[in-house]
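Structural overview for review
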Amino acid sequence: MILDRLTTPEVDTALSRRNFLSVGAALGGGLLIGVGFGAAPSTADAAGATSAVAAPWAPNAFVRIAPDGQVTVVMGFIEMGQGTYTSIPMLIAEELEIDLAGVRLEHAPPSDKLYGNPLLGFQVTGGSTTIRGAYEPMRRAGATARTVLVQAAAQRWRVEPASCRAVRGEVVHTASGRRLKYGALVADAAKLPVPEKVELKPQADFKLIGTSARRLDTPAKVNGTAMYGIDARVPGMKVATLKQSPVFGGRVRSVDDVAALKVRGVRQVVRLDDCVAVVADHMGAAKKGLAALVVEWDDGANAKVSTESIVQSMAQASQKQGAVVRKEGDNAKAMAGAAQRLEAVYEVPFLIHAAMEPLNCTVHVRKDSCEVWVGTQVLTRAQAAAAAVTGLPVEKVTVHNHLLGGGFGRRLEVDSVTRAVQIAQKVDGPVKVIWTREEDTQHDMYRPYFYDRVSAGLDAQGKPVAWSHRITGSSILKRWLPPAYNNNFDPETIDGAEKPPYALPNILVDYVNHEPPVPTAFWRGVGPTHNVFVVESFIDELAAAAKTDPVAFRTALLAQNPRALGVLKLAAEKAGWGQPLPAGQGRGVSLQFAFGTFMALVVDAEVTKSGDVNVKRVVCALDSGVIVNPDTVQAQVQSGVIFGISGALWGKATVKDGRIEQSNFHDVRVVRMNETPLIETHIVASKEAPGGMGEPGTSGLAPALTNAIFAATGKRVRKLPIDPELLKTA
């Protein structure tokens, strides 16, 4: 695989916004199939003439076929370990009838118009939306290329296109056996009109989709040629590292840089309102210089903020009636008449992203332009951020995207790009700004703290007659995408709570927006990571109150949800639900419908006398519609489960005196290899539309684990991370 920066035809930004498909001659006389979301691109022929051709659908990437037959897929989505750079080419290669191994990949440039995520409307990779958004558009891109190539061959042979077929990068005339490679046809194909409709292959004819394909990005990652943002190298580049106000909202009061400037290799100290950076020849010198700085800070209004004060404020806010998210039936009346009434408070902490690649961004600011090298989930937002700082028109900002060494939602933010450009403005020449692990941890944008009140009523037979769920916490979308915040709530914050998979009568779900002074952002699993924990834990509480087996209790509520029931039964069967476990061990279950995927998890966990929890086995059953690459699905389940275990057992960011207390992996604990449980994944064959797979494993893990702890100890965990002190028996 070759993974390069993209060179594309110029885009006519004056064109009106509409869906498009273009066929024309690409660089070097090759065939270009352009698919995107929004405005039409220009299409250049071999002589350089341009024309725009519109089509009635909204794909989101470019396919380029060179005269030598090389197929290049320009990736509008970004690869951060989830397998996108294999699954997207699989969709195109399936319809284009080419071998996946021969596909060449390039990062896309910033363009919402050309590379916008069809589900979200702009260029973004996140929310487990990649395959959901790309499945049909990318197949249509491949099918369109195939159709045009077949037409070109048929025209040359003077036969009907229906008498020809595409096979392994060639067009074959069935009757005569004549064949032409794609590369030999691209010049002719570029002159043909775009077909308004193309025929997609039926699932029964799939050769690639549904098979376990080898990752295209693996060789480069193994041999060291893969380029992450932190690997960017620019001639004349300096390296900088930074120290930002340790207190949220604090400012620089004074800086003594005399000692720092004496460090060998240190070239410059940059002072901003709330940050100081040391610019040097290399990272070692920059870190030494930073350590030698004497900075006095004005801590500002948040100097006394603590986790305790934040939670106290949140608990008070949760007493208020929230914005109604869902209301069906008469909850108050049903509760009053219930045979049993239960209520509980659940809390989940601020969480740190802790991606292996710390934040970094390389920038070269010139008088009339700005160039940025970065790994980001939001390329056009990164471009806009650089333009905002420099005051340059956005078209004067060039952004080169790279592979991401972990995203988990952190690289949906562009604060690190803004900071790097601010520093680069004061540096003569290019500078790479690298955050230390401590800076990355203590100036993260954290998964919000949530404080949830839930209550329910059961009838005399132990069946739910009322359900109430009040969510209190911050809304990320209120800041990140304001139009999505309507009626005082947003769809992400309530995801997993608004529509549990169960038939729950007299349901009331509301939301209290409460913004702490701690900056919050998306974290792997987003809304469901918090809401599925609350819902599935409380469902288990109801099962216990009804003296009913947890799986049987759920099963009785799923008569109208066959896909959810199917994964629940499959997970229970494969996990050996009901079979005895050794003393000190318990088995717990969770069920969810999130990111378009139905998933059930069963966890076997051991609780020691000292309160330590060991996850022994995790069994996952999922129905995610059509599966593109089963191997990637299994990898994402494993990754999500491990991420979820780390979060449930140890994940937290705590605040004291306005500062985050954690700083590095010694107190940002993650699962180690020897602690990883056996993880089994069972996939339900389905013809439904594809669901997302990057996050459900994380969002379903915590409740299955805490339910297993209850089964083992009889102790209910309502606050994460799990506190061993509460589980001690010795």
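Per-chain numbering applies: the sequence of each chain, read as written, is numbered from 1 onward. Confidence filtering applies because this is a predicted model: local features only for residues at pLDDT of at least 70, side-chain atom pairs given and counted only at 80 or more, and all residues used for totals across whole chains, interfaces and linings. As a rule here, side-chain values come from all non-hydrogen atoms in the structure, and water together with hydrogens is ignored.

A word on the sheet that holds strand β31 (residues 678-683). Paired strands, as defined in this entry, are two strands with at least two bridges between them according to DSSP. Each helix corresponds to a stretch of at least 4 residues labelled H or I by DSSP, and each strand to a stretch of at least 2 residues labelled E; elements are numbered beginning at the N terminus. Across the sheet, which stays open at both edges, the four strands sit in the order β26-β27-β28-β31 with mixed pairing between neighbours. The open sheet has two edge strands, β26 (585-594) and β31, and neither has a second partner. Direction aside, the axes of adjacent strands within the sheet are offset by 15° on average. Bridge count between strand β27 (residues 597-607) and strand β28 (residues 613-623): ten bridges; the pairing is antiparallel. Its bridge partner being in β28, E606 is matched across the sheet by N614. Only heavy atoms enter the contact rule, under which two residues are in contact if any of them lie within 4.5 Å. Note on definitions: angles span 0 to 180 degrees between N-to-C directions of axes, and those axes are lines fitted to C-alpha atoms, for helices only across the stretch in contact. Here helix α17 (residues 630-650) sits on the sheet and contacts β27, β28 and β31; the angle it forms with β31, its principal contact strand, is near 135°.

Let us look at the sheet that holds strand β17 (residues 323-328). Here five strands make up an open sheet; going across it, the order is β17-β25-β24-β23-β18 and the pairing mixed. Across the chains shown, the open sheet's two edge strands, defined by having one partner strand only, are β17 and β18 (340-348). Recorded for the sheet is a direction-independent mean angle of 10° between the axes of neighbouring strands. Bridging between strand β23 (residues 450-458) and strand β24 (residues 464-473) involves nine bridges; their strand directions are antiparallel. Within β24, the residue paired with L458 across the bridge is P464. Against the sheet, helix α8 (residues 307-317) makes contact with β18, β23, β24 and β25 (507-513), and its axis sits at roughly 40° relative to β23, the strand it touches most. Against the sheet, helix α14 (residues 526-545) engages β18, β23 and β24, with an angle of about 150° to β18.

Moving on, we come to the packing of aromatic side chains. Only rings of Phe, Tyr and Trp enter the pairing, Trp through its six-membered ring, and a pair is recorded when the two centres are within 6.5 Å. The plane angle decides the type: under 30 degrees is stacked, over 60 is edge-to-face, the rest tilted. Tallied over the entire structure, the rule returns nine aromatic pairs. Note on F248 and Y446: the rings are 6.4 Å apart at their centroids and 80° apart in plane angle, and the pair reads as edge-to-face. Separated by 198 residues along the polypeptide, F248 in the loop between β12 (238-244) and β13 (251-256) and Y446 in the loop between α12 (437-442) and β23 bring together distant segments of the chain. A single burial state applies to F248 and to Y446, both of which are buried. Among the aromatic side chains, those forming a connected cluster through ring pairs are F122, W480 and F522. We note R716 situated over the ring of F710; from NZ or CZ to the ring centre the distance is 3.7 Å. Working definition: with a 1.4 Å probe on protein chains only, accessible area under 20% of the residue-type maximum means buried, over 50% means exposed, and in between means partly exposed. Only when the NZ atom of a Lys or the CZ atom of an Arg is both within 6 Å of the ring centre and within 35 degrees of the ring normal do we say a charge sits over the ring.

Another point: the pattern of salt bridges. Any Lys or Arg side-chain nitrogen located within 4 Å of an Asp or Glu carboxyl oxygen qualifies as a salt bridge. Under the counting rule described, the total for this entry stands at 38 salt bridges. Between R411 and E357 there is a salt bridge, with the nearest N and O atoms lying 3.8 Å from each other. With R411 in the loop between β21 (397-401) and α11 (415-424) and E357 in the loop between β18 and β19 (360-365), the pair connects residues that are 54 residues apart, well separated along the chain. A salt bridge links R587 to D604, with the shortest nitrogen-to-oxygen separation between them at 2.8 Å. You can see R587 sitting in strand β26 and its partner D604 sitting in strand β27, a full 17 residues away along the chain. Just as R587 is buried, D604 falls in that class too. Taken together, the salt bridges that share partners define one network made up of E79, R215, D217 and K221.

Soluble, globular proteins show a tendency: their nonpolar side chains are buried together. Joining through side-chain atoms within 4.5 Å is the link that ties buried Ala, Val, Leu, Ile, Met, Phe, Trp, Tyr and Cys residues into a set, and such a set is a nonpolar core. Of all hydrophobic cores here, the largest spans 79 residues; its most connected members are W467, F538, V603, V613, L705 and I722. Of all hydrophobic cores here, the second largest spans 52 residues; its members include F77, L100, M138 and Y182.

On to unusual backbone geometry. Of note, the amide linkage connecting L720 to P721 takes the cis form, showing an omega dihedral of -5°. Locating P721 in the fold gives a position in the loop between α18 (696-713) and α19 (724-727). Even without a glycine there, the phi angle at R158 is positive, about 60°. Inspection of the secondary structure assignment puts R158 in the loop between α3 (130-157) and β9 (164-167). The class of R158 is exposed, set by a relative accessible area of 78%. The residue A354 is not glycine, and still its phi comes out positive at about 55°. Take A354: it is sitting in the loop between β18 and β19. Residue A354 is classed as buried on the basis of its relative accessible area, which comes to 18%.

Our next topic: the confidence of the model for the chain. Detailed conclusions should not be drawn from predicted coordinates in areas where pLDDT is low. Mean pLDDT over the chain: 91, with 92% of residues reaching 70 or higher. Per-residue confidence from the predictor is reported as pLDDT, a score between 0 and 100. Every residue in residues 4-61 scores below 50 in pLDDT, and together they form 191 contacts with partners more than four places removed in sequence or on other chains.

Quick look at helix α1 (residues 84-96) now. By this rule the span expected of a helix is its residue count minus one, scaled by 1.5 Å. Here α1 contains 13 residues, and its C-alpha end-to-end distance of 18 Å stays within 8% of the 18 Å for a straight helix at 1.5 Å per residue. The buried fraction of α1 amounts to 13 of the 13 residues, a majority that puts the element mostly inside the structure. Just beyond α1, the residue with positive phi is E97, at close to 60°.

This part takes up the side chain of N561. Tracing the chain through its elements places N561 in the loop between α15 (550-555) and α16 (562-575). If sequence neighbours within four positions are ignored, N561 has contacts with P501 and F598.

With that settled, the discussion passes to the pairing of strand β15 (residues 275-280). A large share of β15 lies buried, amounting to six of its six residues. Side chains C275, A277 and V279 of β15 all project onto a buried face; the interleaved residues V276, V278 and A280 project onto the opposite face, where all are buried too. Here six bridges tie β12 to β15, and the two strands are oriented antiparallel to one another. For Q244, the partnering residue across the bridge sits in β15 and is C275. Linkage of strand β14 (residues 266-271) to β15, two consecutive antiparallel strands, is achieved through a turn of three residues.

Moving on, we get to the packing of α14 against α18. The contact between α14 and α18 brings their axes to 7 Å, and the two run at 30°. Judged on the interaxial angle alone, α18 and α14 are roughly parallel. Between α14 and α18 the crossing geometry is right-handed. Together, P528, T529, V532, F533, E536, S537, D540 and A544 of α14 and T698, S699, G700, A702, P703, T706, N707 and F710 of α18 make up the contact between the two elements. Classes in brief: Ala, Val, Leu, Ile, Met, Phe, Trp, Tyr, Cys and Pro nonpolar; Asp, Glu, Lys and Arg charged; the others, Gly included, polar. Of the residues belonging to the contact of α14 with α18, the class tally is seven nonpolar, seven polar and two charged. Convention used here: angles under 35 degrees read as roughly parallel, angles over 145 as roughly antiparallel, angles from 65 to 115 as roughly perpendicular, and any remaining angle as oblique. For a crossing to be left-handed, the near helix must be turned anticlockwise from the far one by less than a right angle; the clockwise case is right-handed.

All right, on to the side chain of S663 then. Looking at the secondary structure, you find S663 in the loop between β30 (659-660) and β31. You can call S663 buried: its relative accessible area is 15%. Excluding its chain neighbours within four sequence positions, the residues that come into contact with S663 are R437, E438, T441 and Q442.

It is worth spelling out the environment of V655 at this point. Here V655 is to be found in strand β29 (residues 655-656). Taking relative accessible area as the criterion, V655 reaches 2% and is therefore assigned buried. Considered as a pair, V655 and P517 are 138 residues apart in the sequence and their alpha carbons are 10 Å apart. Those residues in contact with V655, other than ones at most four positions away along the chain, are V305, S306, T307, E308, I310, V518, I660 and E661.

Below, the discussion takes up the environment of P696. Relative to the helices and strands, P696 resides in helix α18. C-alpha separation for the pair P696 and G525, spaced 171 residues apart in sequence, amounts to 6.4 Å. P696 has contacts with S128, Q592, A594, F595, T597 and M599, leaving out every residue within four places of it along the chain.

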